[in-house]
Every structure is written in structure tokens, then in C-alpha cells.
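# Survey of secondary and tertiary structure
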Amino acid sequence: MSNVESSTAAMQQPPSSTSHLNPVGAAEMLPENAGQMPQQETVGTAGGPNSVGQLRSSSVNLNSPNGGGSNLVINEQGGNGNNEIDASEPPTKKPMLDHPSTSSGGHEKLEYRLGGILCCAVCLDLPRTAMYQCQMGHLMCAACFTHLLADGRLRDQIATCPNCRVEISKTTASRNLAVEKAASELPSECQYCNKEFPYKSLERHEVRECQERPTNCKYARIGCQWRGPYHETTEHERNCLHPSKKGFEIMAALEAHDAKIKQEKTVFNTLIDLLSYEKIIFNDLQMKPYRTDEYVHKLFYETARFSAFNHQWVVKARINNSQRDPHQSNERTVTYQLILKTKTTTPLSIHFFALRGPFSDMKVATQIYRHDFTDQCTESDYYVLPLPDSSECNRLLSNKGINFRLLMFLLNNL
């Protein structure tokens, strides 16, 4: 009777989806040559939720050296299938094998990451010149730093760091020499040949060494319009047709070249003639910024009064010809005028031009202007201060004042 009840209870018990086998009993049921058997197994605790919760392909070694317990070794089938991880090893061992510093591409990744960290916070480019930092350590290249200071001057506001909004100036900001040296060693890609070179030698490579850099034909002065990579220059010049052209065919190119030379020669001859004048005076001046009292304040620069030819003079300058919002323009120019502050009984024919003085680092070309001053006309027109580009203008605006030397020539006979 008891046998019938036990068999009936066994038939009514529902089948289990996960078999929990005693390792000893499992070893007895397996043949002797079946030490490892691939199977789908869920590793968990009996009668509760799975502690791993992953159904994976594994090989379970159920053979025990003493025929008693068992060592559980899991062969993960991901990747190449050869990595064996003992359950007794810490889980951080495998991630350490994939660390960027030990991988084959780790150095390249580190260089690119450093390039993103050491770049300018404004233009996102590595610096070729100086690198400045605010009080919080945010980096700015020299061009962007002076641009921010110039914008603050044009808006009549305090310049701030674009990241943390802390005040920046030439006294609060400082250069970061370590970043400059580190950035100069990072690789950068040549814009012509797409090869990588240390940043400190990239400019020399692009200007002198790169075989893909664009080059003009040596017969460009007689009209050849070819422009191509440097390594093709020799072949082109060997087959160029311009040397064999007749004179009347290249006259237009020669005339344009002569006009440029004539303009440069005119400036030189004018300067030589001015040096023969009897009355020549130069003054080392400084223009300081100020704003008008109009509804829309305008920025001007002006010098203190100075003496020349027994009269008092002032130099006045403005930005972008008094544009209403000059800070909204990336193109910036400086124009200046000479103003007579005292009365004169005789007309004064004055030639004048500005140039870099001993207390200035301004990069300015030579452009000579002339104006006849009388009692009715005491101010000259505004003339362009011939700066090379807008970056130089920003650099001047970032200073507290603009230092320069003014040369004046007085012609006695009109």
C-alpha cells in the first residue's frame, strides 16, 4: 500500500524546469570518459531566484580528484572562446587586460584625448603660440584671449572666461608653459599631405618640406596661372608654354607687375623727399580709450596734447569707422586723424604717418598722408592705420593704450 502511495505522489509532482543535481550523484550517472559535457545550465540557488540570472553555454567539470566534491570551471564562449576565468579570481582581472595603456592603440587614443584636453576652450584648436589660463585653469590661446579682451573693450564691459565667467585680464590671467610644451609635442595632421607631425614642427613642414604644398609656377610674373603641388612643379615648368610666348602676349602681366613695383617705389621716393625737409619732428605717443556721452556710447582713442612746430596737436582714433556695434564684427580696423588744437595765422601743410616706436610692438606698414591745416580746417580726415589683419587690431585693443611714433613733416612753401 505504501508503495502505491509513493508512486502516486511521484506521478502528481510537476516536472522542474531546472534540475539541481548533487555533483556526486551526477558523477555516478555519467560514464567515465564524459568528464566535460557541454550543456545549457543556469547557475543559481536552489528554491530561490538565480544569483547570476544568465543562461549561457558552459562546460562543467564534474570530476573531483577525490571522487567527492567538484571544481566549477566556466569556459565563456564569447570572443575567441579561449579565456578561462576561475571563480576564485577577482572580477577586476579581465578589465585590467583591456586597459587603454596596455592595448595596441592605447597611445594613439591617449594623444587624441590629450589634444582635446589641451586645446583652446574658445576655438578648440591646439595653440601655435602662447596659451593663457584664467584663475580657474581654463585654457585660451593668445589669439582668442586678446579677442575676448578686445570684445570687452568694445562693449565697455569686463572680459570674462567663456567657461566659468570669471574675470580675465592681462594681470589676472597667466601663461601656462607646461601646456604649451605638451601641446607642441602632440601630433597634428598636415593640411596638404594628411601626415602627422609634432605640432611644433608642423608649420615648418607645411611651408618648406611638404611635397603636396601648393606652389606657383616660376613664370607666374609673365602670366602663368598654374598652381599645384610642389612635387609637380618641375614637370610643369619643363612643359610650360609661357617662356616661348611672344612679347605682346605677356604685356598685360608685365604691366600689372610694373604697377606694383611703381607703387612701392613711389612710397620710397616720397619718404626720401620728406627727409630733405627743413622741419621734421617725431613724437612717441600713447592713445588711451574713452567713450562719448551720446545716447549710444562710441569708443574713441585719443592722445594727450603734444607740441610740434610751435603748435599743439592731438591724435584721435576710432574702430571700424564708429560702427554702432563693432564687437559683432570679426573684421576690425583702426582709423586715425591729426587735430590742430591751437590757432594758426598761416596754413600748415603737414605730411604725417605712424610707425612702431621704441616703446611699442605694433605691426604697422608705412602709409604717408597729407593735410593742409588752417583756422577753418583744423582736423584731417580719418586715415587707415595700415595694420596687417584684425588679429593685430584685437591685440592693440586688448592693451590699456596704443603706443606708436608719429612723424610729421612741415612744408614751408605750399
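On a predicted model such as this, the values are computed, not experimentally measured, just so you know.

## Side note on the overall build of the protein chain
- Tallying secondary structure elements over the protein chain gives ten helices and 20 strands in all.
- Counting all 414 residues of the protein chain, 33% fall into the buried class.
- Total accessible area on the protein chain stands at roughly 27100 Å², and carbon and sulfur atoms take up 50% of it.

## Thoughts on the pairing of strand 16 (residues 334–340)
- Judged by how many residues are buried, strand 16 sits mostly within the fold: seven of seven residues are covered.
- The side-chain alternation of strand 16 yields two buried faces, one formed by Val334, Tyr336, Leu338 and Leu340 and the other by Thr335, Gln337 and Ile339.
- The sheet contact formed by strand 15 (residues 311–319) and strand 16 spans seven bridges and is antiparallel. Bridging from a neighbouring strand, Trp313 pairs with Leu340 of strand 16.
- Relative to strand 19 (residues 383–384), strand 16 runs antiparallel, the two being bridged by two bridges.

## Overview of the sheet that holds strand 5 (residues 131–133)
- Read across the sheet, three strands follow the order 6-5-7 without closing on themselves; strand pairing throughout is antiparallel. In this open sheet, the two edge strands, each paired with only one partner strand, are strand 6 (139–141) and strand 7 (174–175).
- Judged from the three bridges that link them, strand 5 and strand 6 form a sheet pairing that is antiparallel. Looking across to strand 6, one finds that Gln133 is bridged to Leu139.
- Of the strands in this sheet, strand 5 and strand 6 touch helix 5 (residues 142–155), which is tilted by about 95° from strand 6.

Reading the values: the criteria
Residues numbered from 1 in each chain as written. Predicted model: local features only at pLDDT ≥ 70, side-chain atom pairs only at ≥ 80, totals over all residues. Heavy atoms only, no water. Helix = DSSP H or I, 4+ residues; strand = E, 2+ residues; numbered from the N terminus. Buried < 20%, exposed > 50% of the residue type's maximum accessible area, 1.4 Å probe, protein only. Areas by Shrake-Rupley, 256 points an atom, 1.4 Å probe, with all protein chains shown as cover. Pairing = 2+ DSSP bridges. Contact = heavy atoms within 4.5 Å. Axes fitted to C-alpha atoms, helices over the stretch in contact; angles between N-to-C directions.

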